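What follows is the residue order along each chain.
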Amino acid sequence: MHEHDVIVIGAGGAGLRAAIEASAAGVKVGVICKSLLGKAHTVMAEGGMAAAMGNVDDRDNWEVHFADTMRGGQYLNNPIMVEHHAKEAPARVLELESWGAVFDRTKEGKILQRNFGGHRYPRLAHVGDRTGLELIRTLQDHGIHQGMEVFMEMTVVSLLTTGGRISGVLGYDRERGRMRIWKAKAVIMATGGIGKSFSVTSNSWECTGDGHSLAYHAGAELMDMEFVQFHPTGMVWPPSVRGILVTEGVRGEGGVLRNSEGKRFMFDDVPEAYRNQVAKDEEEGWRYVCGDKNANRPPELLTRDHVARCINREIKAGRGSPHGGVFLDIGWIKEKIPNASEHIKRKLPSMYHQFMQLAGVDITQERMEVGPTTHYVMGGVAVDGDTQMSCVPGLFAAGEVTAGLNGANRLGGNSLSDLIVFGKLAGEHAAKFVKSNAAVEVDPAQVEAKTRAIEAPFERPNGENPYAIQQDLQNTMQDLVGIVRTQKEMESALVKLDQFKARLKNVGVSGHREYNPGWHTAIDLPCMLTVSESITRSALERKESRGAQFREDYPDKSAECGTFNLVAKKAPDGSMQVSRRPVVPMRSDLKAVIEKMK
Amino acid sequence: MDPSRRVQFRIWRGDKNGGAFQNYEMNVSEGMVVLDCVHRIQAEQAPDLACRWNCKAGKCGSCSAEINGKPCLMCMTRMDTLPPDQVVTVEPMRSFPSIRDLVTDVSWNFRVKKKIKPFKPRKPDNADGSWTMFQEDIDRVQEFRKCIECFLCQDVCHVVRDHHKEEEFIGPRFLMYTAALEMHPLDTEDRLADLKDRDGIGYCNITKCCTKVCPEHIGITDNAIIPMKERVVDQFYDPLTRLFRMFKGK
């Protein structure tokens, strides 16, 4: 049994930032992570972190960032969180520099900022296309000297509550397979995403929605789960790399999308809300890429949901690439600048290597084949916008596992800044909470029941292979609750999810408990099922198309649906109930900001 | 590549008490990397086959292993770069203690890092708390910061692999980590005495094995270790500097 004031689950950007903050407040912090330290999915983030520092374009400020984020989220965001984010991100980025991060520079020696979809001005502080690595390494190297205790390669299987309050967590170490209990006065959930519930995803094995599921079963609410972001550009060929991300930075640096006829199709369909902000022709788009402040952005830099749907449309209309994607072309910029090859390799080094090594494609010369890939979930644990605490006392959340900042759709670059802004807030408020609340005792009955449940697969060595269920679940979600949704398909998905629940009761694993990936998969499956059910039920309930959700049977946005968020909660009988909750009202000063930026 | 090509694998199975190679066979199709094959074997033939992986794109440095005797990332090793019609041997990094199958105990690396004096910046240059740094001043440091901590350089280094000097030597990864801190334009800390006395920089005899296996193509030896060796020599062995220090009483 371990004892801490605050347990942080997850050691990506949000978890580490939260742990640093709580440690700085003088409380005893433990961090539990499924992988080795420094390997969390944050490492994969490429493009940059959005912060209105105004280093490249001095017209940028928090108000523009606020308005951009609300527009991107289609006004379902929690404005309080969007305000925190827009105001505090620049200070959080500078803080990283004071901890050793080395961002790319402007000619004046300031932190360089780049263009990204949905951001009006160049706003993303970055390091080539490996910004996530820089972020996680900086937090890791700073964090290990702050007194936190790190538990690597351990999985949490249950949040323990006593009288409705957090009392600790139950988990096991993956290496030995032994159960462990961490007593804690507060828990910060920072477990990241859910991409593994789909078959084509940019996410790693870790992204099984553990935090979403743990919080839900402990009584927390999951909000906005219907909004799953399909990133427009994932690799499509060869099959083994299908889904791996191709950063939006490629388009930020001038990459264009073309169909099999060579046509730059993104000019054909520009949404009304963005018409004033999009280039009229290719020439203006290129001027924007080069930093001309009077030019508007090329349509390839519209929001991700829109670009993904346009790509989907081209593929469905038979104008796709040979392997079922479209073409992304960055090499064409050699018509515009000298030494284009060297420029591309310097600006997008890991993209160059990724395509060269995995697909045998030289992106400075050849076009990439890309298509949509499951990337990010806007939905997650519903929290108070100021403190990051959920409705379960002592349970906090930060980062992708949290709902609120992104509404119906996230802008690229807002996730890394999300991690450091809300990681800090969660750490700060969790530390405050533990200082004013005594510990509560762990309930041994909960520990016993959960331990029995996760050990059960060993009693069925001839039971069903967990990988088979996982694969069927992923295919179901991909095919029936994917980028284009209908009532009929989602209802059949719910039937299938019930069948998976039944099959799960007969899942079996062989071998022993030490580092047994089959067993780990069997333990991840219930989390993936909970998440999948919440996505499907929420998506069914939202009878409109908005942000990341596109319903073929309700292709338009509905004004009424813009007034509420959807919340999934576990009912006393154990079933999942989805209900409407009015969106958090916007203060009048923030409304004025929106008006001013229109 | 013939889509129906059958490939034989020899994968090391075992733990700290020992183990043996086991044979597997599977169909390999175009574009597959070694990690795909290990996953397929895991899903269909050996569900308890242990391996680490995360990103599958050469960015996290989790799936380090030795393939046909060469330390590399499984996720970035394409099957069609290996000799056809030959058995593919996959084994764990051999310099680290075994945990199970392809998973090794790399905790030494995390302990080493904690010993190294952390980054200590000078006071901010500007009133808003920011610093002025130019791209040409940070290019070298950014090269080192590309490191994904796969520990392949540690695995291949003979000081660790053959001579097991883990207590006296921090290995190429952390010599480079120290170099990145020392060459950081903002840093004010001095780590040269540690490099010389505690971290064993003298053990490195620049065979460049680390540079050869680095999946990020970082010039570990030429750009990090040799300059650090030079600084150590300048500070501690240069006769003029020593004379100067004698007079200053340091």
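A brief look at the structure comes next. (Residues numbered from 1 in each chain as written. Chains lettered and ligands numbered in written order. Predicted model: local features only at pLDDT ≥ 70, side-chain atom pairs only at ≥ 80, totals over all residues. Heavy atoms only, no water.)

All names here are of chain B. A cluster of nonpolar residues, L240, L243, M246 and F247, forms a patch on the protein surface that exposes about 520 Å² of accessible area. Within the secondary structure, F247 is located in helix α10 (residues 239-248). By relative accessible area, which is 71% here, F247 ends up exposed. (Patch = residues over 30% accessible without salt bridge, like charges linked within 9 Å, V, L, I, M, F, W, Y side chains within 5 Å. Areas by Shrake-Rupley, 256 points an atom, 1.4 Å probe, with all protein chains shown as cover. Salt bridge = Lys/Arg side-chain N within 4 Å of Asp/Glu carboxyl O. Helix = DSSP H or I, 4+ residues; strand = E, 2+ residues; numbered from the N terminus. Buried < 20%, exposed > 50% of the residue type's maximum accessible area, 1.4 Å probe, protein only.)

Let us look at the packing of helix α3 (residues 79-98) of chain A against helix α11 (residues 414-436) of chain A. All names here are of chain A. α11 packs onto α3 with a crossing angle of 90 degrees between their chain directions and a minimal axis gap of 8 Å. Taken as axis vectors, α3 and α11 run roughly perpendicular relative to one another. Packed against α3, whose contacting residues are M81, H84, H85, E88, A89, R92, V93 and L96, the element α11 presents N414, S417, D418, I420, V421, F422, K424 and L425 at the interface. Residues that form the contact of α3 with α11 fall into these classes: eight nonpolar, four polar and four charged. (Axes fitted to C-alpha atoms, helices over the stretch in contact; angles between N-to-C directions. Parallel < 35°, antiparallel > 145°, perpendicular 65-115°, else oblique. Contact = heavy atoms within 4.5 Å. Nonpolar A, V, L, I, M, F, W, Y, C, P; charged D, E, K, R; others polar.)

Here we come to the interface of chain B and chain A. Contacts between the two partners involve 57 residues from chain B and, on the opposite side, 62 residues from chain A. Across the interface of chain B and chain A, roughly 4900 Å² is buried in total on both sides, 55% from carbon and sulfur atoms. The interface formed by chain B and chain A holds five salt bridges in total. Counting across the interface, chain B meets chain A through 35 residue pairs in polar contact (both at pLDDT 80 or more). Mapped onto the side of chain B that touches chain A, the elements with two or more residues apiece are α1 (34-44), β6 (98-100), α2 (107-115) and α3 (135-144) of chain B. Ranked by the residues each element gives to the side of chain B that touches chain A, the list is headed by α3(B), at four residues. (Buried area = accessible area lost by both parts, 1.4 Å probe. Polar contact = N/O pair within 3.5 Å; in protein donor to acceptor, adjacent residues only side chain to side chain.)

Once that is clear, we can look at the environment of A:K435. Residues and elements named next belong to chain A. By secondary structure assignment, the location of K435 is in helix α11. You can call K435 exposed: its relative accessible area is 56%. A sequence separation of 408 residues divides K435 from V27, and the C-alpha atoms of the two residues are 8.1 Å apart. When sequence neighbours within four positions are dropped, the list of residues in contact with K435 reads A25 and V27.

This brings us to the packing of aromatic side chains. Residue and element names in this part refer to chain A. Evaluation of the coordinates by the stated rule reveals eleven aromatic pairs over all chains. Ring centres 5.1 Å apart and planes at 50 degrees place the aromatic pair F458 and W519 in the tilted group. One end of the pair, F458, is in the loop between α12 (444-455) and α13 (466-480); the other, W519, is in helix α15 (residues 517-541), and 61 residues separate them in sequence. On the basis of relative accessibility, which here comes to 0%, the residue W519 falls in the buried class. An aromatic cluster is built from Y172, F458 and W519, whose rings are joined through pairwise contacts. In this structure, R367 packs its charged tip against the face of F327, placed 3.9 Å from the ring centre. (Phe/Tyr/Trp six-rings, centres within 6.5 Å; stacked < 30°, edge-to-face > 60°. Lys NZ or Arg CZ within 6 Å of the ring centre and 35° of its normal.)

Turning our attention to empty space enclosed by the protein. Residue and element names in this part refer to chain B. Taken as a whole and judged by the stated rule, the model has nine cavities of 30 Å³ or more. Quantified by volume, the second largest cavity comes out at close to 120 Å³. Around the second largest cavity sit 15 residues that line it, and C157, C204, T207, K208 and C210 are the ones nearest its centre. At the level of secondary structure, the elements contributing two or more residues to the lining of the second largest cavity comprise α5 (158-161), α6 (171-182), α8 (209-213) and α9 (220-236). In terms of residue class, the lining of the second largest cavity is made up of ten nonpolar, four polar and one charged. (1 Å grid on protein atoms, 1.4 Å probe; cavity = no way out; pocket = protein on both sides within 12 Å on 5 of 7 lines; lining within 4 Å. Points joined across faces, edges and corners; volume = space filled by probe spheres on them.)

So, to be careful, I would describe these as geometric facts and stop short of saying anything about function.
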